[in-house]
Amino acid sequence: MDASEERVIVLFLSFVSGKWRKIITPIAAIAVLSALLFFPKGQADNTSFVMSEQPPFPELIEEDSEELVENSIQPDPVIVVVDVKGAVRHPGVYSMHDGDRLIDAINAAGGYLPNADSRMLNHAMKLVDEFVIYVPVEGEEAVDISTVQMNGTSSQQDDGKININTADEIELMTIPGIGPSKAAAIIQYRTDQGPFQSPEILMEVSGIGQKTFEKLESQIKVK
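Per-chain numbering applies: the sequence of each chain, read as written, is numbered from 1 onward. Given that this is a predicted model, residues contribute local features only at a pLDDT of at least 70 and side-chain atom pairs are listed and counted only at 80 or more, while totals for whole chains, interfaces and linings are drawn from all residues. To obtain the side-chain values, all non-hydrogen atoms of the structure were included, while hydrogens and water were left out.

## Some details on the overall build of the protein
Regarding its fold elements, the protein presents seven helices and six strands. Every helix listed is a DSSP run of H or I at least four residues long, and every strand listed is a run of E at least two residues long, numbered separately from the N terminus. Written out in order from the N terminus, the α and β elements of the protein read α-α-α-β-β-α-β-β-β-α-α-α-β. Sorting the 223 residues of the protein into buried and exposed places 26% on the buried side. The contact definition used throughout considers only heavy atoms, calling two residues in contact when any of these lie within 4.5 Å. Looking at the protein alone, contacts between residues at least 24 apart form 39% of all its contacts between residues at least 6 apart. Surface accessibility of the protein: about 15,600 Å² in total, with carbon and sulfur atoms responsible for 58%. Exposure categories follow from relative accessible area, calculated using a 1.4 Å probe and restricted to protein chains: below 20% of the type maximum is buried, above 50% is exposed, and the middle band is partly exposed. For accessible areas, the Shrake-Rupley method is used with a probe of radius 1.4 Å. Any residue's cover is judged against the shown protein chains and nothing else.

What follows is the structure, encoded as structure tokens:
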């Protein structure tokens, strides 16, 4: 080390020990005093940031876990049974799922026959247990879907006549001149007014006039 380097070191040490000592010493003292005032002994230990193994808000986490478990349990599917008749490839009774549509039942029955007329069927209608779906052929009056109670009884007896007091919508639509709207009107009338006392009272139903009644009079009865 030459003489010039020694002079630089001596000047630096004298500068630090002289001027900077006066500045650094008060700053250090203030820092120590602040630490003693704001973090007393014992409190610092209690307020130290320690990561706890206990999760925050355990009640909320437990509720969320229970909800996830409940949502993961899927209920058993509800089965609905429908009867598909008419111009389908495989007519019969089919077990479907709740929420299925009419088109699903048609597909289950193999689809339509080439001569089927599906224009009046509502393919988007949801299926309900004990529904009857009748698919007419071309040229036949279209029949809409209707609920039928499967009780094993029929309104048509040996004489071939339809009892308009007990016939369901499907059976009523087998009468010439009676389509879905008129069949529904007949059922609504007897629900509101009670059983028909005579066949002629049928003319009081909306949409059934004298000419229509004359066509079907020989095929209906009230007892």
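## Notes on the nonpolar core
One finds Ile164, Leu172, Ile175, Ile178, Ile186, Phe196 and Leu202 to be the most contacted residues of the largest nonpolar core, which totals 20 residues. Mapped by element, the contributors of at least two residues to this core are helix H5 (169–172), helix H6 (180–193) and helix H7 (210–216). Of all the elements, H6 adds the most residues to this core, at three residues. When neighbours within four sequence positions are excluded, isoleucine 175 is seen to be in contact with Ile162, Ile164, Leu216 and Ile220. By convention a nonpolar core is built from buried Ala, Val, Leu, Ile, Met, Phe, Trp, Tyr and Cys residues, the set being connected through side-chain atoms within 4.5 Å. Core analysis: the next-biggest nonpolar cluster, separate from the first, contains 16 residues, Val84, Met96, Ala109 and Leu121 among them.

## Points about unusual backbone geometry
A positive phi is found at glutamate 130, a non-glycine position, where the angle reads about 75°. When you line up the elements, glutamate 130 lands in the loop between helix H4 (102–108) and strand E3 (131–135).

## Quick look at the pairing of strand E1 (residues 79–86)
Two strands make a pair as long as DSSP finds a minimum of two bridges between them. Pairing of E1 with strand E2 (residues 92–97), which is carried by six bridges, proceeds in the antiparallel orientation. Following the sheet pairing, valine 80 is matched in E2 by methionine 96. Turn length for the E1-E2 hairpin, with the two strands adjacent in sequence and antiparallel, is five residues. Alignment of E1 against E3, held across five bridges, turns out to be parallel. In the sheet register, aspartate 83 faces E3, and the bridge partner there is valine 132.

## Comments concerning a nonpolar patch on the surface
Judged by side-chain polarity, Ile79, Val81 and Val93 come together as a nonpolar surface patch covering roughly 240 Å² of accessible area. With respect to the element layout, isoleucine 79 can be found in strand E1. Patch membership is restricted to residues that have no salt bridge and whose relative accessible area is over 30%. Joining uses 9 Å for like charges and 5 Å for the nonpolar side chains Val, Leu, Ile, Met, Phe, Trp and Tyr. Salt-bridge detection follows one rule: a side-chain nitrogen of Lys or Arg within 4 Å of a carboxyl oxygen of Asp or Glu.

## Concerning the pattern of salt bridges
Within this structure, the stated rule accounts for two salt bridges. Its salt-bridge partner being arginine 119, residue aspartate 117 comes within 2.9 Å of it at the nearest N-O pair.

## Looking at the side chain of aspartate 83
As for its placement among the helices and strands, aspartate 83 is situated in strand E1. Relative accessible area serves as the criterion here: at 12%, aspartate 83 is assigned to the buried category. Polar side-chain contacts of aspartate 83 include one of 2.9 Å to the side chain of lysine 85. In the analysis that follows, any N or O atom pair within 3.5 Å is treated as a polar contact, provided that within protein one partner can donate a hydrogen and the other can accept it, and provided that, for residues neighboring in sequence, both atoms belong to side chains.

## Things to note about the packing of aromatic side chains
Only the six-membered ring of Trp is used, alongside the rings of Phe and Tyr, when aromatic pairs are assigned; centres must lie within 6.5 Å, and planes under 30 degrees apart are stacked while those over 60 apart are edge-to-face, with the rest tilted. According to the stated counting rule, one finds one aromatic pair in the structure shown. Ring centres of tyrosine 189 and phenylalanine 196 lie 5.2 Å apart, and the angle between their planes is 15°; this geometry places the pair in the stacked category. Comparing tyrosine 189 with phenylalanine 196, the two get one shared label, buried.

## So, the environment of proline 180
With respect to the element layout, proline 180 can be found in helix H6. What makes proline 180 partly exposed here is its relative accessible area of 21%. Proline 180 sits 11 residues away from glutamate 169 along the chain, and the two C-alpha atoms are 7.4 Å apart.

## So, the confidence of the model for the protein
pLDDT measures how confident the predictor is about each residue, on a scale from 0 to 100. In the predicted model, the protein carries a mean pLDDT of 74, and the fraction of residues at 70 or more is 58%. Below pLDDT 50 for its whole length, residues 142–157 participates in 46 contacts with residues either more than four positions away or in separate chains.

## Digging into the environment of proline 195
Note on placement: proline 195 falls in the loop between H6 and H7. A sequence separation of 29 residues divides proline 195 from threonine 166, and the C-alpha atoms of the two residues are 8.7 Å apart.

## Overview of H6
Under the convention used throughout, the expected extent of a helix is 1.5 Å for every residue step, that is, one less than its residue count. Under the 1.5 Å per step criterion, the end-to-end length of H6 is 20 Å for 14 residues, consistent within 8% with the ideal 20 Å. Where H6 terminates, the next one or two residues include glycine 194, which has phi positive at roughly 95°.

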